[in-house]
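Chain and residue survey
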Amino acid sequence: MQKIRNFLKNSKGATAIEYGLIAALIAVAAIVAMGNLGNTLSNTFGNVSSAMNGKGTTTPPAGG
């Protein structure tokens, strides 16, 4: 019976699981953010490449 009480009082395992879940959530959020950033950069560089090749339509900067 004493072993069961000690087991229920021990919170180190639960804390480790919580930290693991937080780390997993942060990792998923980082992967999603980097994926979106990668798509945005890909589109931006594609637009720049098209503009440099004369295939894109760009608006000249104001006053220039």
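This text follows the structure it describes.
With that settled, consider the overall build of the protein chain. Summing up its helical and strand segments, the protein chain has two helices and zero strands in all. The buried share of the protein chain, reckoned over its 64 residues, is 0%. Carbon and sulfur atoms form 66% of the exposed surface of the protein chain, whose accessible area is close to 6000 Å².

Right, let's talk about a nonpolar patch on the surface for a bit. A cluster of nonpolar residues, Tyr19, Ile22 and Ile26, forms a patch on the protein surface that exposes about 350 Å² of accessible area. Classification of Ile26 as exposed rests on a relative accessible area of 55%.

Criteria and cut-off values
Residues numbered from 1 in each chain as written. Predicted model: local features only at pLDDT ≥ 70, side-chain atom pairs only at ≥ 80, totals over all residues. Heavy atoms only, no water. Helix = DSSP H or I, 4+ residues; strand = E, 2+ residues; numbered from the N terminus. Buried < 20%, exposed > 50% of the residue type's maximum accessible area, 1.4 Å probe, protein only. Areas by Shrake-Rupley, 256 points an atom, 1.4 Å probe, with all protein chains shown as cover. Patch = residues over 30% accessible without salt bridge, like charges linked within 9 Å, V, L, I, M, F, W, Y side chains within 5 Å. Salt bridge = Lys/Arg side-chain N within 4 Å of Asp/Glu carboxyl O.

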